[in-house]
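# Geometric and topological summary
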Number of protein chains: 2
Amino acid sequence: MPLNDHTVKAFDADIGQLRGLIAQMGGMAEHAIAGAMEALRRHDLEGAQRIIAGDKKLDALELEVEQLAVRIIALRAPLADDLREVVAALKIAGVIERIGDYAKNIAKRIPSIESHGEIEPLSVLPAMSALAVRMVHDALDAFAARDADAAVEVCRRDREVDDFYNSLFRVLVTHMMENPRTIGQVTQLLFIAKNLERVGDHATNIAEMIYYAATGTHMVERDRGALPSLTE
Amino acid sequence: MPLNDHTVKAFDADIGQLRGLIAQMGGMAEHAIAGAMEALRRHDLEGAQRIIAGDKKLDALELEVEQLAVRIIALRAPLADDLREVVAALKIAGVIERIGDYAKNIAKRIPSIESHGEIEPLSVLPAMSALAVRMVHDALDAFAARDADAAVEVCRRDREVDDFYNSLFRVLVTHMMENPRTIGQVTQLLFIAKNLERVGDHATNIAEMIYYAATGTHMVERDRGALPSLTE
């Protein structure tokens, strides 16, 4: 395919649309997680239901990204870093859709957590959630800016979310031992904490994809100071 | 691109290679789940370590699938059901890689579960695992045969895995209430059960992708008799 002005402009327009869709999906996933946590805090069952219903929009957007990415690859035949970016967008859309699934999963657990006022560790979850949502947000900013350094920074922060989870895990298990009658509900909180930890992991995955798209090389472990989690 | 014999043959060779890679990944993921459960049963820490180390191979194969799929789309410009199959392969590789992650996650939990002989519900996990692994196996058979009916059948069976999980969830929570000192370990088993339930979900995702690739339409909920899970 001859690389003329028209081709370049058409590709730029396509990639612009692709980035717009990813930004839109990212914003929706962030709001879904934050909304699910807010519904949990207020034991708002209608709010939880809205989060669950809203997940369908993310699924539809993922399909749109997929179709657009395939069309770009087939029609524009992008090369090197352009191709890497299109493939990254395709994969990032899949990861964001999964982050939406975690929001849905958190929302589904809310009806089973009634006496949330009595469970003290619940007060720590919003801070953990804020941290995980912030990672998703910054990862998508890094994608918009094609910023490999910002992507590395996101990965570094995954340790904080993991530390949060590990300490919360111990606190919740202790709480269950001391209050066996709360085990059913605290188990739900444990899964919610795990979901938030996974949101952090997925933000890290997105950041790794951005790094690869921007540089053509994979992020090495020592860049991000990664250590294995104890209670993962 | 002119649709001559050479083009058709080249595409068939490419798609054959793609299917081979997917089959290889699927076999590895099945063995990883089964191996992790066997290591759990025997409290085999070296076996667990091998499962964790082996996950890197799945990651590498996923990358290979991705590169081949992109090359096929860019060079062969497949249309309609051929294009859907290539995109399905790309996405299925991502899902299989995640199934491998669940095997790794199960293996990582094994060192924390010492007194497994004392925890009776552990005896139910292998049956649940066998069911989930079978779903993965049958989903990949359906992919190899482009068989939409077999894909629907895999989705129908997800209910069994969910029922297993829901009943195990209640049993494990009850076990914790009655034996608070085992809470730390039983929590690990709960996460393992959840991982197996997710493996079933992922087999379902693969089956849905196969159905779409084969028919061009999305599987509707009533085809598979899906009902929401209670304790998901």
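Quick caveat, the model's predicted, so the values are computed rather than measured. (Residues numbered from 1 in each chain as written. Chains lettered and ligands numbered in written order. Predicted model: local features only at pLDDT ≥ 70, side-chain atom pairs only at ≥ 80, totals over all residues. Heavy atoms only, no water.)

This part covers the overall build of chain A. What chain A contains, in helices and strands, is 8 helices and 0 strands. Sequence-ordered secondary structure for chain A, helices as α and strands as β, is α-α-α-α-α-α-α-α. The contacts of chain A with a sequence gap of at least 6 include a subset with a gap of at least 24, amounting to 85%. Surface accessibility of chain A: about 10,100 Å² in total, with carbon and sulfur atoms responsible for 54%. (Helix = DSSP H or I, 4+ residues; strand = E, 2+ residues; numbered from the N terminus. Contact = heavy atoms within 4.5 Å. Areas by Shrake-Rupley, 256 points an atom, 1.4 Å probe, with all protein chains shown as cover.)

All names here are of chain A. Throughout the structure, instances matching the rule amount to 3 aromatic pairs over all chains. Ring centres 6.1 Å apart and planes at 50 degrees place the aromatic pair Y165 and F169 in the tilted group. Highlighted residues: Y165 and F169, both in helix α6 (residues 158–178), separated by 4 residues, approximately one helical turn. Across the pair, F169 and Y165 agree in class, each one buried. Over the aromatic face of Y212 sits the side chain of R84, whose NZ or CZ is 5.9 Å from the ring centroid. (Phe/Tyr/Trp six-rings, centres within 6.5 Å; stacked < 30°, edge-to-face > 60°. Buried < 20%, exposed > 50% of the residue type's maximum accessible area, 1.4 Å probe, protein only. Lys NZ or Arg CZ within 6 Å of the ring centre and 35° of its normal.)

Across the contact, 33 residues belong to chain A and 33 residues belong to chain B. At the junction of chain A with chain B, the criterion picks out 2 salt bridges. Of the charged contacts, one joins K91 of chain B and E66 of chain A as a salt bridge, the two residues approaching to 2.5 Å between their closest N and O atoms. One can count 2 residue pairs in polar contact (both at pLDDT 80 or more) joining chain A with chain B. Of the residues that constitute the side of chain A that touches chain B, the class distribution is 17 nonpolar, 7 polar and 9 charged. (Salt bridge = Lys/Arg side-chain N within 4 Å of Asp/Glu carboxyl O. Polar contact = N/O pair within 3.5 Å; in protein donor to acceptor, adjacent residues only side chain to side chain. Nonpolar A, V, L, I, M, F, W, Y, C, P; charged D, E, K, R; others polar.)

Turning next to the packing of helix α6 (residues 158–178) of chain B against helix α7 (residues 183–215) of chain B. All names here are of chain B. Direction vectors running N to C along α6 and α7 enclose 170 degrees, while the axes themselves pass 10 Å from each other. With respect to their mutual orientation, α6 and α7 come out roughly antiparallel. Across the interface between the two elements, D158, V161, D162, Y165, L168, F169, L172, H175 and M176 from α6 touch I183, V186, T187, L189, L190, A193, K194, L196, E197, G200, D201 and T204 from α7. By residue class, the composition of the contact of α6 with α7 is 12 nonpolar, 4 polar and 5 charged. (Axes fitted to C-alpha atoms, helices over the stretch in contact; angles between N-to-C directions. Parallel < 35°, antiparallel > 145°, perpendicular 65-115°, else oblique.)

Attention shifts here to the side chain of D138 of chain B. Among the structural elements, D138 of chain B can be located in helix α4 (residues 125–144). Apart from residues no more than four positions distant in its own chain, D138 of chain B is found in contact with V154 and R157 of chain B.

Least-squares fitting of chain A to chain B yields an RMSD of 0.0 Å, with the superposition described by an axial translation of 0.0 Å and a rotation of 180 degrees. Interpreted geometrically, this transformation is the action of a two-fold axis. Of every C-alpha in chain A, the one belonging to A74 of chain A sits nearest the axis of rotation, 2.6 Å from it. Of all interface residues in chain A, 100% are interface residues in chain B too; the two copies therefore contact each other through one and the same surface. (Least-squares fit on C-alpha atoms with pLDDT ≥ 70 in both.)

Another aspect to go through is α7 of chain B. Residues and elements named next belong to chain B. With 33 residues, α7 ought to run about 48 Å at 1.5 Å a step, and its terminal C-alpha atoms sit 47 Å apart, in line with that. Counting buried positions along α7 yields 26 of 33 residues, so the element is predominantly enclosed. G216 lies just past α7 and shows a positive phi near 80 degrees. (Expected span 1.5 Å × (residues − 1).)

Pairs can form between side chains of opposite charge whenever their charged atoms are close. All names here are of chain B. Scanning the entire structure with this criterion turns up 26 salt bridges over all chains. K194 is paired through a salt bridge with E197; the nearest N and O atoms lie 3.1 Å apart. One end of the pair is K194 and the other is E197, both in helix α7 and 3 residues apart, which spans about a single turn. One exposure class covers both K194 and E197, and it is buried.

To continue, consider helix α2 (residues 45–76) of chain A. A rise of 1.5 Å per residue sets the reference length of α2 of chain A, with its 32 residues, at 46 Å; its end C-alpha atoms lie 47 Å apart and thus fit the reference within 8%. Of the residues one or two after α2 of chain A, A77 of chain A is the one with positive phi, at around 45 degrees.

Tracing the sequence through the fold places R98 of chain A in helix α3 (residues 80–109). Buried R98 of chain A, no salt bridge; nearest opposite-charge side chain is E97 of chain A, N-O distance 5.5 Å. Setting aside anything within four residues of it in sequence, one finds R98 of chain A in contact with H202 of chain A together with R98 of chain B. (Lys, Arg positive; Asp, Glu negative; His and termini not counted.)

Inspection of the secondary structure assignment puts A10 of chain A in helix α1 (residues 5–41). Sequence-wise, A10 of chain A and I72 of chain A are 62 residues apart; in three dimensions their C-alpha atoms are separated by 9.5 Å.

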